[in-house]
Amino acid sequence: MKTLFKFIFILFAFLNFGCSNDAELCFTPPEGFSFELVDKTTGENLFTNGTYKSNDITVKNLDDSSKNIEYNFISENNYNVITIGTIGWKTETVNYSVNIAGKNIFEFHVQATRINDKCSHTEYKDFQVKSATYQLDKTRGVFKILVDTKI
C-alpha cells in the first residue's frame, strides 16, 4: 500500500510540476539563401535559356579554397535556382563564391549569429554580394544575380 501511495504521489508531482507552460521551447531553422542567375539585359534565367548548365556549378569557401560548399539546384517549371541551406546553423562568417564552369559569377558575404534562447533562431547581418549587381525578389525570397553575359 505504501508503494502505491508513493507511486501516486510521484505521478501527481510529475503531472503538476514536471511541465511548465513558461518553459516551452521552440526551434526555428535558419533560412536558406536562393540565387537566380539572370541575363542583365534580357532578364532571362541563364539556366532556362541554356547559357549555363547546372552540372557546371561550384560553390567555394573563399576562406578555405579546398572546401566545396554543399548546395542544391532546383529546376522546376523553368524555375532554376541555386540554394544554399548550410549557413546559420551556428554562429559564423561566410565568404563564398559561386562559379560556373570555373568562372567566378559572384561572391557573397554574410555574418550569421545563431541565437540559442527560449526560441532558437538565426540573425543575419552584413549581407553583401560582390562582383555582380543583384535584386532581392521579396515575394519569393530569391536574390536575382544580374549577369553580363557579353563579358
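Above this text is the structure in question.
Report on the accompanying structure.

The rules we used
Residues numbered from 1 in each chain as written. Predicted model: local features only at pLDDT ≥ 70, side-chain atom pairs only at ≥ 80, totals over all residues. Heavy atoms only, no water. Helix = DSSP H or I, 4+ residues; strand = E, 2+ residues; numbered from the N terminus. Buried < 20%, exposed > 50% of the residue type's maximum accessible area, 1.4 Å probe, protein only. Lys, Arg positive; Asp, Glu negative; His and termini not counted. Salt bridge = Lys/Arg side-chain N within 4 Å of Asp/Glu carboxyl O. Polar contact = N/O pair within 3.5 Å; in protein donor to acceptor, adjacent residues only side chain to side chain. Contact = heavy atoms within 4.5 Å. Pairing = 2+ DSSP bridges. Axes fitted to C-alpha atoms, helices over the stretch in contact; angles between N-to-C directions.

## Here's the deal with the side chain of Arg114
Looking at where Arg114 falls in the secondary structure, it is placed in strand S7 (residues 103-115). Comment: no salt bridge for buried Arg114; closest opposite-charge side chain is Glu92, at 9.6 Å. There is a polar contact of 3.0 Å between the side chain of Arg114 and the backbone oxygen of Thr28. Among the polar contacts listed, one links the side chain of Arg114 to the side chain of Thr122, at a separation of 2.7 Å. Not counting the four nearest positions on each side in its chain, Arg114 is found in contact with Phe27, Thr28, Pro29, Pro30, Gly88, Trp89, Lys90, Thr91, Ser120, His121 and Thr122.

## Observations concerning the sheet that holds strand S10 (residues 142-147)
Across the sheet, which stays open at both edges, the five strands sit in the order S4-S5-S2-S10-S9 with mixed pairing between neighbours. Only two strands of the sheet have a single partner each, and these edge strands are strand S4 (72-76) and strand S9 (133-137). Neighbour to neighbour, the strand axes of the sheet diverge by 30° on average, direction disregarded. Two elements, strand S2 (residues 33-39) and S10, share six bridges in a ladder whose sense is parallel.

## Quick notes on the environment of Asn99
Inspection of the secondary structure assignment puts Asn99 in strand S6 (residues 92-100). On the basis of relative accessibility, which here comes to 8%, the residue Asn99 falls in the buried class. Considering only alpha carbons, one finds Asn99 and Asp56, 43 residues apart in sequence, at a separation of 7.9 Å. Apart from residues no more than four positions distant in its own chain, Asn99 is found in contact with Asp56, Ile57, Thr58, Lys60, Asn104 and Ile105.

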